[in-house]
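# Coordinate inspection notes
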Amino acid sequence: MEDRYSKIQKFFTACDELVNGTFMLADNRIADVLKAIAGSGELTNLFNAATETFDYNAAKKAYLKYPAEKGEAHGIAYLPSDRKEILAFVFCVLVEIDAGVVKFNDFLLRYFYIDGSYTASYATFAERMIRPFRDIVRDCYPDSGRRDYLERLGKRRDGILETLAERIPVERERIVRVALRDEEREASETIFSELVAATGRKDGAEVAAILAGYRYFLIYINAESPESDELFKLAEDL
């Protein structure tokens, strides 16, 4: 079962795809944003509270101006100054677009006109309307973004440790072929045994510490190589 953070993160992902996407995929991306809201009890409550006393018809008259100035051929869209009203206004706009009440291509060229280009007009719409909308919600749920970041960081660290677990035996075999004194051979075996154990425990801090010592060991025995350099580069991200 998805937890509250995963459901909220779906909303941020959908908004990111809407902000960074293309005009051709906008209809689907808008639908994804609204589905993410509907799929999260917390987001549903947030937007219910934002729209409860919101007068959308009055807001359209105030913030969707056509023409922008007397005699001009195109209009302009503004956002309310109040953050709660921004959430309500943009949400209602997206609902009308998704329902087909507002034709999105006409809406873009009417209020976000840039050189007759849907691509450029869409980019302006995304920057002026969707980005602030997304960022206000993100401010309401800072822990969600932090958790997502930590999860990605953890997955990246696990991937690095898996790669190291594959490469350490190869490095060990390389050192076996190097002519070493008995005490040097014993030290190398101790290092590799500790590395294998630490990667098995997924102890990134210990793996990084052991590899830091191993770097100096290689310098001492004059056995540095591009392969060992790759191990050290991986350890930098642990």
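Up top is the structure these notes are about.
Summarised in this report is the structure supplied together with it.

Reading the values: the criteria
Residues numbered from 1 in each chain as written. Predicted model: local features only at pLDDT ≥ 70, side-chain atom pairs only at ≥ 80, totals over all residues. Heavy atoms only, no water. Helix = DSSP H or I, 4+ residues; strand = E, 2+ residues; numbered from the N terminus. Rg over C-alpha atoms; globule rule 2.2 N^0.38 Å. Buried < 20%, exposed > 50% of the residue type's maximum accessible area, 1.4 Å probe, protein only. Contact = heavy atoms within 4.5 Å. Areas by Shrake-Rupley, 256 points an atom, 1.4 Å probe, with all protein chains shown as cover. Disulfide = S-S within 2.5 Å. Arc of directions from axis to C-beta. Expected span 1.5 Å × (residues − 1). Polar contact = N/O pair within 3.5 Å; in protein donor to acceptor, adjacent residues only side chain to side chain. Salt bridge = Lys/Arg side-chain N within 4 Å of Asp/Glu carboxyl O.

What follows covers the overall build of the protein chain. Along the backbone of the protein chain there are eleven helices and two strands. The order of α-helices and β-strands along the protein chain, N terminus first, is α-α-α-α-β-β-α-α-α-α-α-α-α. Its C-alpha atoms give the protein chain a radius of gyration of 28 Å, clearly above 18 Å, the size a compact globule of 238 residues would have. Its C-alpha atoms give the protein chain principal-axis dimensions of about 90 × 40 × 25 Å. Across the 238 residues that make up the protein chain, the buried fraction comes to 37%. In the protein chain, the proportion of contacts linking residues at least 24 apart, taken out of those at least 6 apart, comes to 65%. Taken as a whole, the protein chain presents about 13600 Å² of accessible surface, with 50% of it coming from carbon and sulfur.

A complete count under the given rule lists zero disulfides for this structure. Here Cys92 is not cross-linked by a disulfide; its sulfur's nearest cysteine counterpart is in Cys15, at 15 Å. Accessibility expressed as a relative area gives 16% for Cys92, which makes it buried. No disulfide involves Cys140; its sulfur sits 12 Å from that of Cys15, the nearest cysteine.

Let's shift gears to helix H3 (residues 41-51). The complete set of buried residues in H3 reads Leu43, Leu46, Phe47 and Ala50. All buried residues of H3 project into a common sector of 85 degrees when viewed along the axis, lining one side. Close packing links the buried residues of H3 with helix H1 (4-20), helix H2 (26-38), helix H5 (83-99) and helix H7 (118-140).

Another point: helix H10 (residues 204-221). Helix length check: H10, at 18 residues, gives a terminal C-alpha distance of 25 Å against a target of 26 Å (1.5 Å per residue), a fit within 8%. By the burial criterion, the buried members of H10 are Gly204, Val207, Ile210, Leu211, Tyr214, Phe217, Leu218 and Ile221. Angularly, the buried residues of H10 cover 125 degrees about the axis, an arc narrow enough to put them on a single face. Every exposed residue of H10 that faces more than 90 degrees away from the buried side is listed here: Ala205, Ala209, Tyr216 and Tyr220. Remark: Asn222 follows H10 within two positions and exhibits a positive phi of approximately 60 degrees.

Before going further, it helps to examine unusual backbone geometry. The omega angle of the peptide bond from Tyr66 to Pro67 is -5 degrees, so this bond is cis rather than trans. Relative to the assigned elements, Pro67 resides in the loop between strand S1 (64-65) and strand S2 (76-77). Located in the positive-phi region is Asp115, a residue other than glycine, with phi close to 55 degrees. Inspection of the secondary structure assignment puts Asp115 in the loop between helix H6 (104-111) and H7. Take Asp115: its relative accessible area is 70%, and that puts it in the exposed class. In the Ramachandran plot, Asn222 falls in the positive-phi region, its phi being about 60 degrees despite a non-glycine side chain. Assignment of secondary structure puts Asn222 in the loop between H10 and helix H11 (226-235).

Following the sequence through the fold, Arg174 ends up in helix H8 (residues 142-176). The class for Arg174 is buried, based on a relative accessible area of 16%. One polar contact links Arg174 to Glu171, side chain to side chain, over a distance of 2.8 Å. Looking at Arg174, its side chain comes within polar contact range of the main-chain oxygen of Ala223, at 2.8 Å. Contacts of Arg174, omitting those with residues within four sequence positions, involve Tyr214, Leu218, Ala223, Ser225 and Ser228.

The next subject is the pattern of salt bridges. By the definition in use, this model includes 16 salt bridges. Note that Arg157 and Asp158 form a salt bridge whose closest N and O atoms lie 3.0 Å from each other. By relative accessible area, Arg157 is classed as partly exposed at 34%. For Glu183, the salt bridge identified is with Arg181, shortest N-O distance 3.0 Å. The class for Glu183 is partly exposed, based on a relative accessible area of 48%.

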